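Now for the letters of each chain:
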Amino acid sequence: MQFQRRHRKLGTNPQSELYLQPLQFYGEPPLENISLAEFETFAVERLKLLKTVENLGVSYVKHSSQYKLKMDNELRLLHFPYRPDTKRRKDHISHFILRLAYCQTEDLRRWFIQQEVDLFRYRFTDLPPQQKLEFLHKNNLKYNTLSDKEKNELSDKLLMSSYSVSGVTVEKLEFYKVPFQDALDLVRSRKVYLKAGFAFVPQQDIVTIVLNDFRTRLSKALALTARSLPAVHSDERLHPLLNHLSHAYLGQDYSIQKNVGKISLEQIDSLSGKSFPLCMRQLHQALRENHHLRHGGRMQYGLFLKGIGISLEQALQFWRSEFIRGKVDADKFDKAYAYGIRHMYGKEGKRADYTPYSCMKVILSNPPSQGDHHGCPFRHSDPELLKQKLQFYKVSPSSITQIMELVKGMHFQLACQKYFEVTHNVEDSSFSLSHPNQYFIESQKALGGGKDPKRDVDVPQKVQETSQHLAETAEDLEALFKDG
Amino acid sequence: MRMSYSDYDPACLPDLLPLYYRRLFPFSQYYRWLNYGGVQKNYFQNREFSFTLKDDIYVRYQSFSTQNELEKEMQKMNPYKIDIGAVYSHRPNQHNTVKSGSFQALEKELVFDIDMTDYDDVRTCCSAADICSKCWTLMTIAIHILDRALRDDFGFQHLLWVYSGRRGVHCWVCDEAARKLSAAGRSAVAEYLSLVKGGEETVKKVVLTDPIHPFISASLEVVEKYFLEYAVQDQDILGRKECVDKVLALVPEDVRNELQTKMKGVKQPEKLWKMIKNEAKNKQGTVKKGQHFEKEIMLQYCYPRLDVNVSKGVNHLLKSPFSVHPKTGRISVPIDLKEVDSFDPFVVPTISRICEELDRPRTEEEKSEESQDKENEKDAVETRKMRDYKRTSLAKYVKYFDSFLDGMTRSWKGELLRKSDDQMEF
Ligand code: SF4
Ligand SMILES: [Zn+2]
């Protein structure tokens, strides 16, 4: 009743069998030696691939036909077909290289897993039914199916629990009885019928189970890789290369404070109207009105402020002076809230330096609930309210229509960028929005304010530069994946 | 004859706490709970407790090797509030000596926190920290809905519902499968159970799409039992004009206009509600979207609002049962499921009340029991304490807690038996 891992002893030509299959769980690391040049090319290309997966996931409804079409195209452009056997080697090796670069922090792992899972899903769904079955069998997927009698008894409930099941087909469909812990994605979104701890999964949704399993394995594997990382870090040829790879996904690391102290607290009110993205403007306004923000809001806004250059001392003063105008007195503030702010600046607790949230993070994780003002207005506001707000901010009716269209199509970041364009009077902004702090920097640039902090968007180039110094030697990849 | 207990004075708390922890706190039941039958090694020992002391001083990562040690420490520190955290890989009080990264939260009960402040946009009677018997119905509804789902859908059996002491309830799911649930598992369960979504920027917080999942239908059945009396009558959500408008804001725009015309001049809330329901029924025949608005209204006004973040984390702390609420003085007592509907938070004893009750002169019966005690001196201290809480209004809550633990013990017995069977095989 569980996925069982196939343990294979690897022979002399170990991977050729693996490359006969169109898709794999990446259970075994590559065993061959590869040149550093190839190592690098593979890494950079897979990174481009994952970036593409991310972008498409934000701009299109995932797994819609449009999304699929785009994906097909882009993969071809990136020379990442995986069907022909020869390219499977590249797929395999490049996946493992990025594991090294993306296992280091929680944020990196989350990003990497998300993109790899999306990619896997796209590929799995694309397989012909026969190959899907083969894949399941190869990976020993064994759950009990419902008997006809059980199906009959539950047919009403089964029918009401899945979008893909219609009355006629309940009898013809297989339903798997899966412990709910193995079907979390289906449980979370209420796409299965649950009874006494079991999820009743229709056969076509079994892909979700496969993904769940893939995700779990990958996250375990990354944790393991992270543990063997010291060895990699001491390798002076690999270390800088991997570091650059991992910094590439955000474009810029906004946790590194630049311009510290350049902005005074008095400027925040006017900046919030001019240069803050709507999410931050909303938080700022709520803070001024209620003299309080709940945890999610404090994190999202506090880290943003840190990112634009507010120092720890300023931050403490800023939050304290606002909070004590509300229900919190200075004493309570110092006891209950100051810690959290120092924490954001890496001065307490784990001493981790927290990174300002990216749009993806704001849009996807921790949605606002009662009493919260955080989140992304393009994603989390009622369209009606958003419209009113835009009107209030004097956005022209035609632009509002455009923005609302984008919102409807779930292109939240594009909607935000459109808003940027109309409020800054630029026709075609030259950046692609992925971070509230980026919005701020671009806005300051457009308004002729702050100087443009140098950004290194062009990943491949950067990687090339640093690796010029690297000797051209062969790397034994397998050695990097030893279970520490 | 009812005494007045609303005269709890927070200033007296420092004087009352020592008495409470010395003579009333049910340590043996408490230990019996968190030790879980000793099925897993060091389960109690590796559990985090955190204490809030006078002046909001907060001490985390307390842990104890025995019931006795816990007792001694609590009697020494006299915490204003007790929180329970996770079972860790090492003793929490030694977490500093463990290599960082290897000190990890491994298990905890699956917990839920429902707080009345999260319902402020749908309560007309009170706001913020205030509650009254009218809005308490929301908690009753929450318990019925979640309890059913956690048992029938997820197959859990050992659910401890606890009054938070002020304005909400907590649920501790104590089954082994729940305690072992991963963070992803916890958030999946919590999201399955969440229907009301969105913050201050969202008006319509419940959106239903076809088909309506059996879980939602079952929850609606519960809400329907209460809706008319609670929402329409007590909360009067269709009374004043602003209220009616707020309800109608949840109806699709085109229907809203039609309804508004029809509703002109009608004043009786029950009638208005009937009109809304009928309108929805008529529209359900058509293929249009938004045909479930009457259900959405009911859910938005009554469906439990979970603080998902509390449930998600394995290491999240939650106020312990039998802890005192420093503001109200009320004890966090377990709620007997058989009596949820009559549970009245204002009857829950305060610490001042039970301490007073201790000072009452003993009855004849109690005296005779006492003299028996003196004869067998052995467990005198233990038994005296037992009888101490029995003389107060805490008794019935401890008794219920006992019966809850008995239920769990039966499952531990099975577990231990299985384990010893396993050993026999080797
Ligand atoms: S798209 Fe990004 S920057 Fe814009 S409002 Fe949303 S989260 Fe903020
Ligand atoms: Zn009330």
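Please read these numbers as outputs of a predicted model, since none were measured by experiment.

J.: Now, about the interface of chain B and chain A: what can you tell me, with residues and values included?
T.: On the chain A side, the residues contacting the 39 residues of chain B number 34 residues. Counting the surface lost from both chain B and chain A, the interface buries some 2,900 Å², and carbon and sulfur atoms represent 53% of this. Where chain B packs against chain A, one counts 3 salt bridges. The partner of A:K389 in a salt bridge is B:E201, and the shortest N-O contact between them spans 3.3 Å.

J.: Please set out the confidence of the model for chain B residue by residue, giving values where relevant.
T.: All names here are of chain B. In this model, chain B carries an average pLDDT of 90, and 90% of its residues clear a pLDDT of 70 or more. Note that residues 1–5 has pLDDT below 50 and, in this model, 6 contacts with residues that lie over four places away or in other chains. On the interface metric, ipTM, the complex scores 0.90, and its pTM is 0.74.

J.: Can you tell me about empty space enclosed by the protein, naming the residues and giving the values?
T.: All names here are of chain A. In the structure shown here, the tally under the stated rule is 4 cavities of 30 Å³ or more. Roughly 110 Å³ of internal volume is contained in the largest cavity. Lining the largest cavity are 15 residues, with C279, C359, C376, C416 and P436 positioned closest to its centre. Breaking the lining of the largest cavity down by element, the ones donating at least two residues are α17 (359–364), α18 (377–380), α21 (412–424) and α22 (436–446).

J.: Which residues make up the packing of aromatic side chains, and what are the values?
T.: Considering all chains together, one arrives at 54 aromatic pairs over all chains under this definition. Aromatic pair B:F25 and B:F27: ring centres 4.7 Å apart, planes at 50°, arrangement tilted. Sitting over the ring of A:Y393, A:R281 keeps its end group 3.5 Å from the ring centre. Directly above the ring of B:Y61 sits B:R60, whose terminal nitrogen or CZ lies 4.6 Å from the centroid.

J.: Quick rundown of the sheet that holds strand β7 (residues 168–173) of chain B? Include the residues and the values.
T.: Residue and element names in this part refer to chain B. The strand order β5-β7-β6 describes an open sheet built from 3 strands, whose pairing is antiparallel. In this open sheet, the two edge strands, each paired with only one partner strand, are β5 (110–115) and β6 (159–163). Taken over all neighbouring pairs, the strand axes of this sheet differ in orientation by 15° on average, direction set aside. Relative to β7, β5 runs antiparallel, the two being bridged by 6 bridges. When the sheet's bridge partners are listed, F112 is paired in β7 with C171.

J.: For the nonpolar core, give the residues involved together with the corresponding values.
T.: Formed by 193 residues in total, the largest nonpolar core has its most connected members in B:Y20, B:W33, B:L150, B:F154, B:L193, B:F227 and B:I351. Looking at this core, the element that brings in the most residues is helix α4 (residues 133–153) of chain B, giving 11 residues. The contact partners of B:Y20, leaving out residues within four places of it in the chain, are B:F25, B:F322, B:V324, B:I331, B:I351, B:I354 and B:L394. Within the second largest apolar cluster, 56 residues are counted, among which are A:L386, A:L390, A:Y419 and A:L433.

J.: Account for the site of ligand 1, naming residues and giving values.
T.: All names here are of chain A. In the neighbourhood of ligand 1, the contacting residues comprise P277, C279, C359, V362, C376, P377, F378, Q413, C416 and P436. If you map ligand 1 onto the pockets, it falls in the largest cavity. Only α17, α18 and α21 provide two or more residues apiece to the shell around ligand 1. When grouped by side-chain class, the residues that make up the shell around ligand 1 number 9 nonpolar, 1 polar and no charged.

J.: Give a description of the coordination of the zinc ion (ligand 2) that names residues and reports values.
T.: Angles between donor atoms at a metal ideally measure 109.5 degrees for a four-coordinate tetrahedral arrangement and either 90 or 180 degrees for a six-coordinate octahedral one. Residues and elements named next belong to chain B. Note on the zinc ion (ligand 2): its protein donors are C125 (SG), C126 (SG), C132 (SG) and C135 (SG). The metal-donor distances range over 2.1 to 2.4 Å. Coordination at the zinc ion (ligand 2) comes from 4 donor atoms whose angles at the metal span 104 to 114°, giving a geometry best classed as tetrahedral. Donor residues for the zinc ion (ligand 2), ordered by position in the chain, follow C-C-x5-C-x2-C. Per residue, the accessibility class of C126 equals that of C132, and both read buried.

J.: Describe the domain arrangement of chain A, naming the residues involved and giving the relevant values.
T.: All names here are of chain A. Segmenting chain A into domains produces domain 1 (20–133 + 212–246), domain 2 (139–209) and domain 3 (266–452). Each of domain 1 and domain 3 was reduced to a C-alpha centroid, and the two centroids are 32 Å apart. Together, the buried faces of domain 1 and domain 3 total about 610 Å²; carbon and sulfur atoms form 56% of this surface. At the boundary of domain 1 with domain 3, the tally comes to 0 salt bridges. For the pair domain 1 and domain 3, the number of links is 0 residue pairs in polar contact (both at pLDDT 80 or more). At the level of secondary structure, the elements contributing two or more residues to the side of domain 1 that touches domain 3 comprise α1 (36–59) and α4 (106–126).

J.: Please provide a residue-by-residue account of the pairing of strand β1 (residues 47–53) of chain B, values included.
T.: Residue and element names in this part refer to chain B. Of all 7 residues in β1, 7 are buried; the element is thus mostly enclosed. Where burial is concerned, the two faces of β1 agree: the one with R47, F49, F51 and L53 and the one with E48, S50 and T52 are both buried. The pairing of β1 with strand β3 (residues 81–88) spans 5 bridges and is classified as antiparallel. Along β3, the bridge assignment pairs R47 with V87. Strand direction decides the pairing type here: β1 and strand β2 (residues 57–62), joined by 4 bridges, are antiparallel. Bridge pairing in β2 links L53 to I57. What sits between the antiparallel neighbours β1 and β2 is a turn of 3 residues, in which D55 has the positive phi angle 60°.

J.: Account for the UniProt feature "binding site: [4Fe-4S] cluster" (unreviewed entry) in chain A, naming residues and giving values.
T.: Residues and elements named next belong to chain A. Residues given the UniProt feature "binding site: [4Fe-4S] cluster" (unreviewed entry) here are C279, C359, C376 and C416. These annotated residues cover 138 residues of sequence, and their C-alpha atoms lie no more than 10.1 Å from one another, placing them together at a single site. Of the annotated set, the members that line the largest cavity are C279, C359, C376 and C416. Following the sequence through the fold, C416 ends up in helix α21. Looking at C416, the relative accessible area reads 8%, which means it is buried. Ignoring anything within four residues of it in the chain, the contact list for C416 reads F378, L433 and Y439.

J.: Got a sec to walk through the pattern of salt bridges? Specific residues and values, please.
T.: Side-chain pairing between opposite charges can occur once the charged atoms of the two side chains come close. The full count for this structure, using the stated rule, is 48 salt bridges over all chains. The partner of B:R167 in a salt bridge is B:D115, with the nearest N and O atoms 3.1 Å apart. With B:R167 in the loop between β6 and β7 and B:D115 in strand β5, this pair connects stretches of sequence that are 52 residues apart. Residue B:R240 is joined to B:E242 by a salt bridge in which the shortest nitrogen-to-oxygen separation is 2.8 Å. Residue classification places B:E242 among the partly exposed positions, given a relative accessible area of 49%. Connected via shared salt-bridge partners are A:R46, A:D91, A:E116 and A:R123.

J.: Explain the packing of helix α20 (residues 397–408) of chain A against α21(A) residue by residue, including any values.
T.: Two packed helices can be described by the angle between their axes and the distance between those axes. All names here are of chain A. Contact pair α20 / α21: the axes reach a minimum separation of 7 Å and the direction vectors enclose 165°. Judged by the angle between their axes, α20 and α21 are roughly antiparallel. Every pair of crossing elements has a handedness; the one defined by α20 and α21 is right-handed. Between α20, through S399, Q402, I403, L406 and V407, and α21, the contact on the second element is made entirely by F412, L414, A415, K418, Y419 and V422. Here the contact of α20 with α21 is built from residues that sort into 8 nonpolar, 2 polar and 1 charged.

The rules behind these values
- Residues numbered from 1 in each chain as written.
- Chains lettered and ligands numbered in written order.
- Predicted model: local features only at pLDDT ≥ 70, side-chain atom pairs only at ≥ 80, totals over all residues.
- Heavy atoms only, no water.
- Contact = heavy atoms within 4.5 Å.
- Buried area = accessible area lost by both parts, 1.4 Å probe.
- Salt bridge = Lys/Arg side-chain N within 4 Å of Asp/Glu carboxyl O.
- pLDDT = per-residue confidence, 0-100.
- 1 Å grid on protein atoms, 1.4 Å probe; cavity = no way out; pocket = protein on both sides within 12 Å on 5 of 7 lines; lining within 4 Å.
- Points joined across faces, edges and corners; volume = space filled by probe spheres on them.
- Helix = DSSP H or I, 4+ residues; strand = E, 2+ residues; numbered from the N terminus.
- Phe/Tyr/Trp six-rings, centres within 6.5 Å; stacked < 30°, edge-to-face > 60°.
- Lys NZ or Arg CZ within 6 Å of the ring centre and 35° of its normal.
- Pairing = 2+ DSSP bridges.
- Axes fitted to C-alpha atoms, helices over the stretch in contact; angles between N-to-C directions.
- Core = buried A, V, L, I, M, F, W, Y, C linked by side-chain atoms within 4.5 Å.
- Buried < 20%, exposed > 50% of the residue type's maximum accessible area, 1.4 Å probe, protein only.
- Near = heavy atom within 4 Å.
- Sits in = over half its atoms within 2 Å of the grid points.
- Nonpolar A, V, L, I, M, F, W, Y, C, P; charged D, E, K, R; others polar.
- Donors = N, O, S within 2.8 Å, 3.2 Å for Na, K, Ca; no water.
- Tetrahedral: all angles 85-135°; square planar, octahedral: opposite > 155°, others 65-115°.
- Domains from an automatic or database assignment.
- Polar contact = N/O pair within 3.5 Å; in protein donor to acceptor, adjacent residues only side chain to side chain.
- UniProt positions renumbered as here; feature names shortened; annotations may be inferred.
- Parallel < 35°, antiparallel > 145°, perpendicular 65-115°, else oblique.
- Left-handed = near helix turned anticlockwise from the far one by under 90°.

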